[in-house]
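Structure at a glance
Below, each chain spelled out in residue letters.
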Amino acid sequence: MASLDMDYPHNTSGTRSVELEEKKPGEATVATSLDGSHTQEGDVEGLQRGLNTWHLQFIAIGSAIGTGLFLGSGKALATAGPVGSLIAFLFVGSIVYSIMVSLGEMATFIPVAGSFTAYASRFADPSLGFSMGWIYWFSWASTYALELVGSGLVIQYWSKSLSVGIFIAVFWVAFTACNFLPVRWFGEFESYFVSIKVITIIGFIIFAIAIDAGASEQGYLGFTNWVHPGPFAEYIVHGSSGKFVGFWSILVTAGFSYQGTELVGVGAGETANPEKSVPRAIRWTFWGVFTLFVSTIFFIGLTVPSDNPDLLSDASDASASPLVLAAKLAGVPVLPHIINGVLLTAVLSAANSNLYSSSRIVVALAREGHAPAFLARTNRFGTPHYAVGFSSLIGLLAFLNLSAGGSEVFTWLLNITGIAGFISWCCISICHLIFMKALKLRGIDRDTLAFKAPFQPYLTIYGLFFCVLIVFSSGFAVFIRWSTSDFFAAYISLILFFVLYGGHKLIFRTKFVALADVDLERDRI
């Protein structure tokens, strides 16, 4: 896409506009980031556009469909009831749609690795890019450790005598090595992994339809479980208030399940023909994940009573999955082993995507001057090997779970991931609102864009409003029954975000980017 020939007003914001000189063969170009630091463009040009639409969709779907759906959906059903949990997933799905189309419009226009981390620094405030980028990176990097632990726990379903540490070590080496391969190979591996999960969910839906229609020992079910124990479950308090509390309390669970769909934007910088690939991936990823999630929650609610005590099990293997409970209630004993095998592929697929996404976020941070410049360098395969190696080190935190007191530390680290997705979604919405204003200032008609987000700016405002509301109200239960530890567990990610933001702004004295200085040229193709 040809750049616009336009004179920009003098920078009055105190930040530096980004200017790239014409690059001569064999010469690296130096980019000045918004906080005044420099990165070598020559080091990151090696990122190869080896992903196609198919790969991009499966990387995002692979991150979204994991333990949150296979295990977390059980606690959601017990907390909010079948209709309450269904409405929660539908509601959060509408928020995710607003985020996805906002990200799609920006990522198609400026397809850069790490996408929204770069957008936050260039469009809004370098401190916002720094704080959001690092908390988002830590969210995915620590989730990588979580999935490594999960893999061992899932395998222990078959043999309790095996140490979880064995599988943490084996899978850490395997997936770290996989992420050092050319991105096209990584995309192929992830496609196969994700296909197993998608086929399993479709198989469960068919199975649930048969069970609900009467093909089990229970006979015809229909909507029996919606009548007794009821469509909504009470949580903490009784009556209608308790039913609303149950619904609102699982919005974070639903959001955590959907988290990962935004990785379509993270991989945009390595996608061939992003003007066509990114919009197609955005549409297919959202509607694919949304349909699979809502259908699964709907049929779980039909086949498993919300008052089943096994839904609140602390187990991390197949025995805690509502899909398995549905099979047990239907009298199909062999299914738990099949589901456990699928759960293992789900965990491993998520681990693979976690390391990929966290490494690309590091690349974006390095390019914007928020991390050491060498982390953006690539090897001869176009892989950011330093970023992959650095991010993989967080996966070693999984071994904390083997020590006596380490599991508590590990749990606290993982509490940061709960709200990090919503914080990132807030930042994406803010960036999109600024992006649309910057286009208007430069006289660029949004109708000419390769992908145009619908219902703007109202849809983006809708997503931003509810993301902010959920972030600040996520720990509301502690105010009903006060617990200091639960308070910090609920808000540790938000506290960390503000500490990072305030610390960066205090040290670097950054200012908000003036609308006239918003960088819409760098990384356009």
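What counts as what
All residue numbers refer to positions counted from 1 along the written sequence of the respective chain. Residue-level local features of this predicted model are given only where pLDDT is at least 70; pairs of side-chain atoms are given and counted only at 80 or more, and the full residue set underlies all totals for whole chains, interfaces and linings. For side-chain calculations, the full set of non-hydrogen atoms in the structure is used, while hydrogens and water are omitted. Elements are defined by DSSP. Helices are runs of H or I of four residues or more, strands are runs of E of two residues or more, and each kind is numbered from the N terminus. Remark: exposure states derive from per-residue accessible area (1.4 Å probe, protein chains only) relative to the maximum for the residue type, with buried under 20%, exposed over 50%, and partly exposed in between. Residue contacts are counted whenever heavy atoms from the two residues lie within 4.5 Å of one another. Accessible areas in this description were obtained via Shrake-Rupley with a 1.4 Å probe; residue shielding takes into account the shown protein chains only. For this analysis, a nonpolar core means a set of buried residues of the types Ala, Val, Leu, Ile, Met, Phe, Trp, Tyr and Cys, connected via side-chain atoms within 4.5 Å. Salt bridges are identified by distance alone: a Lys or Arg side-chain nitrogen within 4 Å of an Asp or Glu carboxyl oxygen. Computed over the protein atoms alone on a 1 Å grid, cavities are sets of points where a 1.4 Å probe fits but cannot get out and pockets are open sets with protein on both sides within 12 Å along at least five of seven lines; a residue lines them when it has an atom within 4 Å of a point. Grid points are joined across faces, edges and corners, and a volume is the space filled by probe spheres set on the points. For this scheme, ten residues count as nonpolar: Ala, Val, Leu, Ile, Met, Phe, Trp, Tyr, Cys and Pro. Four count as charged, namely Asp, Glu, Lys and Arg, and the remainder, Gly too, count as polar. Residue count minus one, scaled by 1.5 Å, sets the expected span of a helix. Whenever a nitrogen or oxygen atom comes within 3.5 Å of another N or O atom, the pair is scored as a polar contact, on the condition that within protein one atom can donate a hydrogen and the other can accept it, and that pairs from neighbouring residues in sequence are kept only if both atoms are in side chains. By convention, a stacked pair of Phe, Tyr or Trp rings (six-membered ring in the case of Trp) has centres within 6.5 Å and planes under 30 degrees apart, an edge-to-face pair has planes over 60 apart, and any other such pair is tilted. Charges are assigned to positions over rings by a cutoff of 6 Å between ring centre and Lys NZ or Arg CZ, combined with an angular limit of 35 degrees from the ring normal. Interaxial angle, 0 to 180 degrees, is taken between N-to-C directions of lines fitted to C-alpha atoms, where a helix line uses only the stretch in contact. Comment on the angle field: the value is read as roughly parallel under 35 degrees, roughly antiparallel over 145, roughly perpendicular from 65 to 115, and oblique elsewhere. Patch membership needs two things, relative accessible area over 30% and no salt bridge, and members are linked within 9 Å if like-charged or within 5 Å if nonpolar (Val, Leu, Ile, Met, Phe, Trp, Tyr). Criterion for a disulfide: a pair of cysteine sulfur atoms within 2.5 Å. Neither His nor the chain ends contribute to the count of charged residues, in which Lys and Arg are positive and Asp and Glu negative.

**Observations regarding the overall build of the chain**
Counting its regular elements, the chain contains 20 helices and 2 strands. Counting across all 525 residues of the chain, residues that qualify as buried make up 59%. In the chain, the share of contacts with a sequence separation of at least 24, taken over all contacts with a separation of at least 6, comes to 80%. Carbon together with sulfur atoms contributes 66% to the accessible area of the chain, which is approximately 20400 Å² in total.

**Some remarks on the nonpolar core**
Most often, soluble globular proteins have nonpolar side chains that are buried together. Core analysis: the largest hydrophobic core is formed by 149 residues, its most contacted members being Y119, F123, Y258 and L520. Top contributing element to this core by residue count: helix α4 (residues 72–109), with 18 residues. Once residues lying within four places of it in the same chain are set aside, the contact partners of Y258 are A64, F89, V92, G93, V96, V289, F290, F293, V294 and W425. Membership of the second largest hydrophobic core comes to 5 residues, among which are I59, C178, V183 and Y356.

**Describing the pattern of salt bridges**
Following the criterion strictly, the structure yields 9 salt bridges and no others. A salt bridge links K452 to D447, with the nearest nitrogen and oxygen atoms 2.5 Å apart. A residue is classified by how much of its surface remains accessible, and K452, at 40% relative accessible area, is partly exposed. Bridged by salt links that share partners, the residues R122, R367, E368, D519, R522 and D523 form one connected network.

**A few points about empty space enclosed by the protein**
Tallied over the full model, the rule gives 3 cavities of 30 Å³ or more. Here the largest cavity defines a volume of roughly 150 Å³. Together, 16 residues line the largest cavity, and S63, W140, T143, E147 and F256 are the ones closest to its centre. Of all the secondary structure elements, the ones that give two or more residues to the lining of the largest cavity are α2 (53–64), α3 (67–70), α6 (126–155), α11 (251–258) and α15 (335–367). Of the residues forming the lining of the largest cavity, the biggest block, 5 residues, is contributed by α6. Per-class residue counts for the lining of the largest cavity are 6 nonpolar, 9 polar and 1 charged.

**Considerations on helix α13 (residues 274–303)**
A rise of 1.5 Å per residue sets the reference length of α13, with its 30 residues, at 44 Å; its end C-alpha atoms lie 42 Å apart and thus fit the reference within 8%. In terms of burial, α13 is largely enclosed, as 21 of its 30 residues are buried.

**A short note on the environment of D445**
Note that D445 resides in the loop between α17 (406–441) and α18 (458–473). Within the structure, D445 has its side chain in polar contact with the backbone nitrogen of D447 (distance 3.0 Å).

**Here we look at the environment of R280**
Assignment of secondary structure puts R280 in helix α13. Residue R280 is classed as partly exposed on the basis of its relative accessible area, which comes to 39%. For the pair R280 and Q57, spaced 223 residues apart in sequence, the C-alpha to C-alpha distance is 8.8 Å.

**Remarks on the packing of aromatic side chains**
Scanning the model with the defined rule gives 38 aromatic pairs in all. Among the aromatic residues, those joined into a cluster by ring pairs are F479, W482, F487, F488 and Y491. Over the ring of F512 we find K505, and its NZ or CZ is 4.9 Å from the ring centre.

**So, the packing of α4 against α13**
In contact at an axis separation of 9 Å, α4 and α13 are set at 175° when each is read in the N-to-C sense. Relative to α13, the element α4 is oriented roughly antiparallel.

**Notes on the environment of F193**
In this fold, F193 is placed in helix α8 (residues 183–212). A residue is classified by how much of its surface remains accessible, and F193, at 22% relative accessible area, is partly exposed. Considering only alpha carbons, one finds F193 and G62, 131 residues apart in sequence, at a separation of 7.7 Å. Residues contacting F193, with those up to four places away along its chain left out, are F175, T345, L348 and S349.

**Some remarks on a nonpolar patch on the surface**
The grouping of F390, L393, L396, F399 and L402 at the surface amounts to a nonpolar patch, some 410 Å² of accessible area in total. F390 gets classed as partly exposed once you look at its relative accessible area, which sits at 30%.

**Digging into the state of the cysteines**
Throughout the structure, instances matching the rule amount to 0 disulfides. The thiol of C431 is not disulfide-bonded; the next cysteine sulfur, from C427, is found 6.5 Å away. C467 takes part in no disulfide bond, and the closest cysteine sulfur, belonging to C426, lies 4.7 Å away. We classify C467 as buried; its relative accessible area is 0%.

**Observations regarding the side chain of E262**
Take E262: it is sitting in the loop between α11 and α12 (263–266). The charged side chain of E262 is buried without a salt bridge, its nearest counter-charge being K197 at 14 Å. Reaching out from E262, the side chain makes a polar contact with the side chain of Y136 at a distance of 2.5 Å. Side-chain polar atoms of E262 contact the side chain of W425, separated by 3.2 Å.

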